[in-house]
Amino acid sequence: MGVRDSIKRVDAYEKVTGAAKYTADLMPAGALVAKVVRSTIANGKVVQFDLSEALAVPGVVKIFTCFDVPDIEFATAGHPYVLDKAKGDVYDRRLLNERVRVYGDDIAAVVAVDEVAAARAARLVKVEYEEYAPILSVEAALAPDAMPLHPGVRDTNLLGQSSYRIGEGTYEEAKHSEPGLVEVTGEYGTQTVQHCHMETPQSYAYMENDRIVVVTSTQIPHIVRRVVGQALGIPWARVRVIKPYIGGGFGNKQDVLYEPLNAFLTQQLGGRLVKLELTREETMACTRVRHAIHAKVKALARPDGTLIARKLEAYSDQGGYASHGHSICANCVTMFKQLYHDQRVTEGDGYTAYTNHATAGAMRAYGIPQSDFITECLMEDLADKLGMDPLELRLKNCMPQGYVDPSTGIHAYSNGIRECVAKGRALFGWDEKRARYAHETGDIRRGVGFAMFDYKTGVYPISLEVSNCRMFMNEDGSVSLQMGATEIGQGADTVFTQMAAETVGLTEGNVHIVSTQDTDVSPFDLGAYGSRQTYVCGMAVKRTGEILKGKVLDYASYKLKKPAEELDTEADWVVRRAGREKLLPIADLALEAQYSRDRAERLFAEASIDCHENTISTGCTFAEVEVDIPMGRVTVLRILNVHDSGILINPKLAEGQVHGGISMGLGYALSEELLYDEKGRPRNDNLLDYKLPTAMDQPDLEAAFVELCDPSGPFGNKALGEPPTISPAPAIRNAVLQATGVHFNTLPLSPQKLVEGFVQAGLIKEVGPNV
Amino acid sequence: MYDIEKFYQARSVADAVRALRADERAIVIAGGSDVLIEIRDGKLAGCSLVSIHGLAELEGVERTAEGEIVIRAGTSFSRIANDPILLRTVPMLAYAADQVGGPQIRNIGTIGGNVCNGVTSADSASSLWALNATLELTGGEGTRLVPIREFYTGPGKTVRRHDEILTAIRIARADYEGFGGCYLKYGKRNAMEIATLGCAAMVRLTPDQKAIAELRLAYGVAAPTPMRCTATEEAVRGAAITPELLDRIAQGALNEVKPRSSWRASREFRLQLVSEMSRRAVRQAIVNAGGEADV
């Protein structure tokens, strides 16, 4: 009971039996169907449309084009609103865009009576474009003569830039600061990947009493409401957003995707019910992706492995629209300095550029998987050069106890990175395996690799951190719990239930969480992102529960005629604080409080948290691989993540979170990559050609924890949602390095890349026909 | 919601042929694992379908008195993968059928559809080439038998006429008896995958089991259509099993295949796979034929 207990998920039965209702399950019959008409160029301008054939399709209701939408630019990132607009997100897109910046850009929308009519008409819309050469790399985008894609918001394609230099002097000066320093330089790159959440983005919208209602699959209902209001130029409270259960998001639904367009369509059609559901292909090509980041890095160390200086230059591919923009690259550059300490100086520079690729946005761990690949390849290559054990090099330099980030002021109130390494080292048998695989030969070789990471908890102080919670006690002594924070598959409803039960003194069966958020009813919250909810929203649950418990005890004091200080609650009972003797069932108290003719009182509580705290989670991955050199195939034999995420609210759910994260990391490491042709058209925007790993491609996924109590967390807890996906990719890359001696410096380690690398390294003799 | 203009469920093969003759736009649908995707993509939107799904006369596997294997074209992959006759006589083909997609696709997809689709990546195609399969086509002008090597005319193109249904795939006794076989599929993942390269090897050994009496080496995705390395097969007839034999076969295959570069895989990468997979498949086929590969 309460926190630290692996209770069954509160939504397990509903989800497993199929009873849980998702957006499509709730859709009323008779909805009109909207289909977005997408550009067939990546860079250019719509000159005009010929809609005559499309409008002639039976069942077409109306077609809206980029020439019909309001003259309003809006921002889509799921960030809190920023009162000083100049410091907030970039307002760079319209409901439908005349200026095309990605292949598949939204240029028109067909509304029809069914999907077939909508699809037929969408195919028949004829478009005349003014076409420009697509800009398909950061380098091309930042070339002096490059065409600026958003002259309205930026004079060049440089969307954002951030820099730091911490310590004394510069990296270059550090080179000569003492004799005998060893230098390693490298270029490392990560690819574009997509979230591939099971449920594609979908919504339906209608009007009621002159207000627009949007039911949608989102992580951020309150932010969606605000952005719909902004995009349509109407007061925000004229919009009501409802979020039912959702089939995953991983950050893609931390963006306002098609809700504004859906709202616009119902508004234009007199409030008629319109649904807008994306296909898998549209989701992969036209929503958001993870930023591909390319980096140039350098490190200087003493022969004993002491880091003297490091320098990072990171270049991030934003794609066509700003979305979360430079925040991701800034995060990437920040982690580089946090994870290891340089004795003299650490330099970081990050650049984010608009290109004509798909728009990049938030994705699980927000720039840190990229950063960790770069940081941990560099450390591994340094260890390789110094001939040091990779663990020893890292332990010598990693984040010290009591670390405070000099730029953000974020404290690591707890830091279990060394405990994680020690625990994993023993569980995995690192030393023994590392020695066993030190001299592999032949076609099939094995190796082990390692990577560590750190990750902050929530977004303070970079952004606002607020959360609200509401509870009321029912006549049977149970509590209804309302959160603005969202269940997106991660188990938030379950841990909030445990926190409420713990704080109020109830069993979990007597906490009824309202899973659906409805902005007309639910307390305000920012939503599921940044691994914030158990921390920030947990604070709101705790404070609300304490208020409610105070009211219960006050009523109990009145009824039992004992001072409240002598009373407590526990497992649905009012008990004596000393001795824990059961005095009164809370159910009896609740009934009486509701209906007493002497003192009737609604037992309710609501609290608002403005969180000004943050703390740092850490962890690491150990990986063992077998490489089939002639076939270019890496098989992960074993993979173990060890996490320092504070106290676990629900250990079983925590383990599940780690399994999911490792799985995502395996795809990132070995197979996933969105590819584009020379016109910027996606080549593999489907789940056959995009190689998301299947159950057949994964070993057993192992999770372990070191549970240090974080004093800043409401229950000693800190971030765990995103971290598990951070370190698997570099650990696997480093294991391949031990197995084969070949440094693969870009992700993914796909078969063809491996074969090319092995040919280059002389491990495979090049073959071909005899001439 | 699929954009299907017209749908006719045939009651028999003869009825399907009649329906196809009556509608020159009509296309055949069996399991639908290829056709439905093209409808959804818009390529076949508004199509007219003649369904042969569920026709009992198109399902099942039998072995005739003469030992010929007859696989009815509508038999699903999962049935082929588990069929006792095939597991006993041509286990390589049963294994190849088990490599298609995932369990759901194997339950609905048919071997006839896989062949008629005409693509070089079809998992069953290289095994059927190695087995010298004969395809039985039934149309308005009766039934004809086409050797598989004459069936493919180009990528996605076959000699099947508009009004013809592939009714059976036949494998003669002499084409499987005494052979050991091995099919290897190279995919970038272990399920839900289209082959980067498929390689089927069959070996019959000399009575002393020291030499190759006959080799058959077939590939998918090594050329625009599935293919056999016939020159290599001839060159090693009677050759002793030595370490150099696998080198000769691999080089022979490299000389015969014509893989192309695409975004899915470069020509060079496919050549490496052609070479390595010929070694691994032939080695295993020798073992399955009762020989020793490590001499």
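Remember, it's a predicted structure, so these values are computed and weren't measured experimentally.

A short note on the overall build of chain A
Thought 1: The helix and strand inventory of chain A stands at 20 helices and 27 strands.
Thought 2: Once the C-alpha set of chain A is aligned to its principal axes, its extents read approximately 100 × 75 × 50 Å.
Thought 3: Buried residues in chain A amount to 63% of all 771 residues.
Thought 4: Summing over all exposed atoms, chain A offers an accessible surface of approximately 27300 Å²; the carbon and sulfur share of this is 51%.
Thought 5: Treating the 80 positive side-chain charges of chain A as one cloud and the 101 negative ones as another, the clouds have centres 2 Å apart.

Remarks on the overall build of chain B
Thought 1: Secondary structure assignment for chain B yields 11 helices and 14 strands.
Thought 2: Here the C-alpha radius of gyration of chain B, 19 Å, is about what a compact globule of 295 residues would show, namely 19 Å.
Thought 3: By principal-axis analysis of the C-alpha atoms, chain B measures approximately 60 × 50 × 30 Å.
Thought 4: Scored against the burial criterion, the 295 residues of chain B give a buried share of 58%.

Let's talk about helix H7 (residues 221–232) of chain A
Residues and elements named next belong to chain A.
Thought 1: With 12 residues, H7 should cover 16 Å at 1.5 Å per step; its first-to-last C-alpha distance of 17 Å lies within 8% of that length.
Thought 2: In terms of burial, H7 is a largely internal element, 12 of the 12 residues being buried.
Thought 3: Taken residue by residue, H7 has Pro-221, His-222, Ile-223, Val-224, Arg-225, Arg-226, Val-227, Val-228, Gly-229, Gln-230, Ala-231 and Leu-232 as its buried positions.
Thought 4: Buried positions along H7 lie against strand S10 (211–216), strand S11 (239–243), helix H8 (259–268) and strand S20 (517–518).
Thought 5: Positive phi shows up at Gly-233, right after H7, with a value of about 70°.

Considering the packing of H7 of chain A against H8 of chain A
Helix packing geometry: the angle between the two helix axes and the distance between the axes.
Residue and element names in this part refer to chain A.
Thought 1: Viewed as axis vectors pointing N to C, H7 and H8 meet at an angle of 55°, and their least axial separation amounts to 9 Å. Considering the angle they form, H7 stands oblique to H8. Crossing handedness for the pair H7 and H8: right-handed. Every residue of H8 that contacts H7 at Val-224, Val-227, Val-228, Ala-231 and Leu-232 is listed here: Glu-259, Pro-260, Ala-263, Phe-264 and Gln-267.
Thought 2: Among the residues forming the contact of H7 with H8, the class breakdown is eight nonpolar, one polar and one charged.

Considering the domain arrangement of chain A
All names here are of chain A.
Thought 1: Its domain assignment divides chain A into domain 1 (13–132 + 201–277), domain 2 (135–192 + 288–389), domain 3 (399–460 + 612–771) and domain 4 (466–610).
Thought 2: For domain 2 versus domain 3, the distance between C-alpha centres works out to 19 Å.
Thought 3: At the junction of the two partners, domain 2 supplies 34 residues and domain 3 supplies 46 residues.
Thought 4: Together domain 2 and domain 3 conceal approximately 3300 Å² of surface at their shared face, both sides included; 53% is due to carbon and sulfur atoms.
Thought 5: The largest share of the area that domain 2 buries against domain 3 comes from Gln-191, Gln-338 and Arg-364, three residues that together contribute 23% of it.
Thought 6: The interface formed by domain 2 and domain 3 includes 19 residue pairs in polar contact (both at pLDDT 80 or more).
Thought 7: Listed by contribution, the elements that provide at least two residues to the side of domain 2 that touches domain 3 are strand S8 (182–189), helix H10 (326–339) and helix H11 (368–386).
Thought 8: Looking at which element gives the most residues to the side of domain 2 that touches domain 3, the answer is H11, with 10 residues.
Thought 9: Partitioning the side of domain 2 that touches domain 3 into residue classes produces 15 nonpolar, nine polar and 10 charged.

Some thoughts on the pattern of salt bridges
All names here are of chain A.
Thought 1: A complete count under the given rule lists 84 salt bridges over all chains for this structure.
Thought 2: Among the ionic pairs, Lys-311 bridges to Glu-347, the shortest N-O distance being 3.3 Å. Of this pair, Lys-311 sits in strand S14 (residues 307–319) while Glu-347 sits in strand S15 (residues 345–354), placing them 36 residues apart in sequence.
Thought 3: Look at Lys-311 and you get buried, because its relative accessible area is 16%.
Thought 4: Between Glu-581 and Arg-576 there is a salt bridge, with the nearest N and O atoms lying 3.0 Å from each other.
Thought 5: A relative accessible area of 25% places Arg-576 in the partly exposed class.
Thought 6: The network of salt bridges with common partners includes Lys-35, Arg-38, Arg-93, Asp-106 and Glu-282.

Overview of the packing of H11 of chain A against helix H19 (residues 728–740) of chain A
Residues and elements named next belong to chain A.
Thought 1: Their axes nearest at 9 Å, the elements H11 and H19 cross at an angle of 30°. Looking at the two axes, H11 sits roughly parallel to H19. For the pair H11 and H19, the sense of crossing is right-handed. Of H19, the residues touching H11 (which contributes Asp-372, Phe-373, Glu-376, Cys-377, Glu-380 and Asp-381) are Ala-729, Pro-730, Arg-733, Asn-734 and Leu-737.
Thought 2: Split by residue class, the contact of H11 with H19 holds five nonpolar, one polar and five charged.

Focus on a nonpolar patch on the surface
Thought 1: A contiguous nonpolar surface patch, about 350 Å² in accessible area, is contributed by Tyr-81, Leu-83 and Trp-236 of chain A.
Thought 2: Relative to the helices and strands, Tyr-81 of chain A is located in the loop between strand S3 (60–65) and strand S4 (99–100).

What counts and how
- Residues numbered from 1 in each chain as written.
- Chains lettered and ligands numbered in written order.
- Predicted model: local features only at pLDDT ≥ 70, side-chain atom pairs only at ≥ 80, totals over all residues.
- Heavy atoms only, no water.
- Helix = DSSP H or I, 4+ residues; strand = E, 2+ residues; numbered from the N terminus.
- Buried < 20%, exposed > 50% of the residue type's maximum accessible area, 1.4 Å probe, protein only.
- Areas by Shrake-Rupley, 256 points an atom, 1.4 Å probe, with all protein chains shown as cover.
- Lys, Arg positive; Asp, Glu negative; His and termini not counted.
- Charge placed at Lys NZ, Arg CZ, Asp CG, Glu CD.
- Rg over C-alpha atoms; globule rule 2.2 N^0.38 Å.
- Expected span 1.5 Å × (residues − 1).
- Contact = heavy atoms within 4.5 Å.
- Axes fitted to C-alpha atoms, helices over the stretch in contact; angles between N-to-C directions.
- Parallel < 35°, antiparallel > 145°, perpendicular 65-115°, else oblique.
- Left-handed = near helix turned anticlockwise from the far one by under 90°.
- Nonpolar A, V, L, I, M, F, W, Y, C, P; charged D, E, K, R; others polar.
- Domains from an automatic or database assignment.
- Buried area = accessible area lost by both parts, 1.4 Å probe.
- Polar contact = N/O pair within 3.5 Å; in protein donor to acceptor, adjacent residues only side chain to side chain.
- Salt bridge = Lys/Arg side-chain N within 4 Å of Asp/Glu carboxyl O.
- Patch = residues over 30% accessible without salt bridge, like charges linked within 9 Å, V, L, I, M, F, W, Y side chains within 5 Å.

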